[in-house]
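As a plain string of letters, each chain reads:
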Amino acid sequence: MLLCTDLDRTLLPNGLQPESPQARRWFADAVKYPGVMLAYVSGRDLGLMQQAIVEYNLPLPDVAITDVGSMIYQREGQRYRPMPSWQSYIGEDWGTHNSHTLAQAIGELPNLQLQPKQQQQQYKLSYQIVPAAAMAEDLVLLEQQLQKLAIRAQMISSVDETSDMGLVDILPARAGKRQAIDFLAKTLVLTPPQVFFSGDSGNDLDVLISPYRTVLVKNATEEVVASAISGGKAQGNASSLYLAQGLPELGLNGYYSAGIVEGLFHFFPGLKAWLVAKRQSDE
C-alpha cells in the first residue's frame, strides 16, 4: 500500500480544533503495517517538511512529495534525493521557462505578492494575495497573463484559514499532488485500491475526487467537504471518499491524524485488526 497524506492541518495538528492525545501514536503504529510505503504530500518545501517531522515526532517518509507536487524526493537513510525522471517529465510543459523567468513575464498585478524565495522551485511559482477577498479577481488576471505565454500551466489556489491570505501556486500542467501520486503509483505498478490519501483543504481536492481511497479529516471546512462530495460523484468515485467523523470508542475524534487512522480503518479492515491487536499487546 502507498499511504499518502497531506501535512498541515491533516497530519499536523496546527489548526483550530483539538488533537486526540494518542492519535499520532496510532498513526505511527499504522504505518508499520507490513507492505506500507509512506509518502508525505505537502505544499511545504523539503526543509519545512523536515522541520515538521522533528517538531511533531513523525515517522520518516519513504517518499516526500513537496512544493504542491512539483518535487518528488526518495529517502535514502537520512537523505532525500530528487527523482530526476519527475523533473524531466513536468519540465516539458514550461519549455525554456522556469519560475524566475515566468514571474518576470507575468509582471505586477494588484494585491499579488511573490511568496518568500524558499517557497519557489524551478517549476513552482508561488504568490500570496492579500486580502483573500481579492483572490477571484487576481486569478482571472493571472490566467489572462498565462494564456499569452507558450507554456502549459495550471493554477492551484487555497485560503489560509488562520490569516486573511489567499495562496496561489503556478505549476506545469503535469505537476500537482494528484499528478505526482499518479506518477509514483505508476512507477511502483500500483492499482488505485492500493493507494490511500488523506487531506483537508482545497489544494487536496484533485486527489480527494480521484479513484484512490481517500479520507477527508473532520476539521475540513464545509466548502471543501461539499466540493469533495460533488466532485467525487461527478467523477464516479463517490465510494472512494470517506469523511472522518470520529471513533470515540478508540479515543479518536476525527481531527488531523485521528481522521487519517479512521480512514485507514474504513478501507483496510485487516490493518485495523492488526493495529488494535498490536496496541492491546503493547499495553
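Here the structure is shown first, and the text comes after it.
Notes on the structure follow. (Residues numbered from 1 in each chain as written. Predicted model: local features only at pLDDT ≥ 70, side-chain atom pairs only at ≥ 80, totals over all residues. Heavy atoms only, no water.)

## Things to note about helix α6 (residues 177-188)
For α6, which comprises 12 residues, the first-to-last C-alpha distance of 16 Å matches the rise-based estimate of 16 Å (1.5 Å per residue) to within 8%. Among all positions of α6, only K177, A180, I181, F183, L184 and A185 are buried. Once α6 ends, the next one or two residues include V189, with phi positive near 55°. (Helix = DSSP H or I, 4+ residues; strand = E, 2+ residues; numbered from the N terminus. Expected span 1.5 Å × (residues − 1). Buried < 20%, exposed > 50% of the residue type's maximum accessible area, 1.4 Å probe, protein only.)

## Side note on the nonpolar core
Ranked by internal contacts, the top residues of the largest apolar core, which has 49 residues, are L102, I106, I170 and I181. Top contributing element to this core by residue count: α6, with 5 residues. Not counting residues within four places of it along the chain, the set of residues in contact with I106 comprises L125, Y127, L142, Q145, L146 and I170. One finds L7, W26, L247 and V261 within the second-largest nonpolar core, a separate group that totals 39 residues. (Core = buried A, V, L, I, M, F, W, Y, C linked by side-chain atoms within 4.5 Å. Contact = heavy atoms within 4.5 Å.)

## Notes on the pairing of strand β8 (residues 153-160)
Where burial is concerned, the two faces of β8 differ: the one with Q154, I156, S158 and D160 is buried and the one with A153, M155, S157 and V159 is not. Note that β8 and strand β9 (residues 165-172) share 8 bridges and pair antiparallel. The residue bridging A153 from the neighbouring strand is P172, located in β9. (Pairing = 2+ DSSP bridges.)

## Comments concerning the sheet that holds β9
With antiparallel pairing, 4 strands are arranged side by side in an open sheet as β6-β7-β9-β8. A single partner strand is all that each edge strand has here, and the edge strands are β6 (112-114) and β8. Within this sheet the neighbouring strands show an average axis-to-axis angle of 30°, counted without direction. Here helix α5 (residues 135-147) sits on the sheet in contact with β6, β7 (125-129), β8 and β9, set at roughly 165° to β8. (Axes fitted to C-alpha atoms, helices over the stretch in contact; angles between N-to-C directions.)

## With respect to unusual backbone geometry
P131 follows V130 through a cis peptide bond whose omega is 5°. Within the secondary structure, P131 is located in the loop between β7 and α5. Within the chain, D67 stands out as a residue other than glycine whose phi angle is a positive 55°. Tracing the backbone shows D67 in the loop between β3 (63-66) and β4 (71-76). D67 gets classed as buried once you look at its relative accessible area, which sits at 0%. The residue N111 is not glycine, and still its phi comes out positive at about 70°. For N111, the position within the fold is in the loop between α4 (99-106) and β6.

## Some points on the pattern of salt bridges
Scanning the entire structure with this criterion turns up 14 salt bridges. In this structure, R279 and D29 form a salt bridge, with 3.9 Å as the shortest nitrogen-oxygen distance. Of this pair, R279 sits in helix α10 (residues 269-282) while D29 sits in helix α1 (residues 23-30), placing them 250 residues apart in sequence. For the pair shown, R279 and D29 are each scored as buried. Of the charged contacts in the structure, one is a salt bridge between R174 and E92, with a shortest N-O distance of 3.2 Å. Of this pair, R174 sits in the loop between β9 and α6 while E92 is found in the loop between α3 (84-91) and α4, placing the two residues 82 residues apart along the sequence. Several salt bridges share partner residues, and in doing so they unite D29, K32, K278 and R279 into one network. (Salt bridge = Lys/Arg side-chain N within 4 Å of Asp/Glu carboxyl O.)

## Some words on the environment of F27
Within the secondary structure, F27 is located in helix α1. As for F27 and W94, which are separated by 67 residues in sequence, their C-alpha atoms are 38 Å apart. Not counting the four nearest positions on each side in its chain, F27 is found in contact with L3, T5, L11, L38, Y40, P59, S257, I260 and V261.

## A few points about the packing of aromatic side chains
Two aromatic rings are characterised by how far apart their centres lie and by the angle between their planes. On inspection of all chains with the given rule, the structure shows 9 aromatic pairs. Note on Y33 and W274: the rings are 5.2 Å apart at their centroids and 70° apart in plane angle, and the pair reads as edge-to-face. Residue Y33 is found in the loop between α1 and β2 (37-41), and its partner W274 is found in helix α10; the two are separated by 241 residues along the sequence. Assessed through its relative accessible area of 23%, Y33 is described here as partly exposed. (Phe/Tyr/Trp six-rings, centres within 6.5 Å; stacked < 30°, edge-to-face > 60°.)

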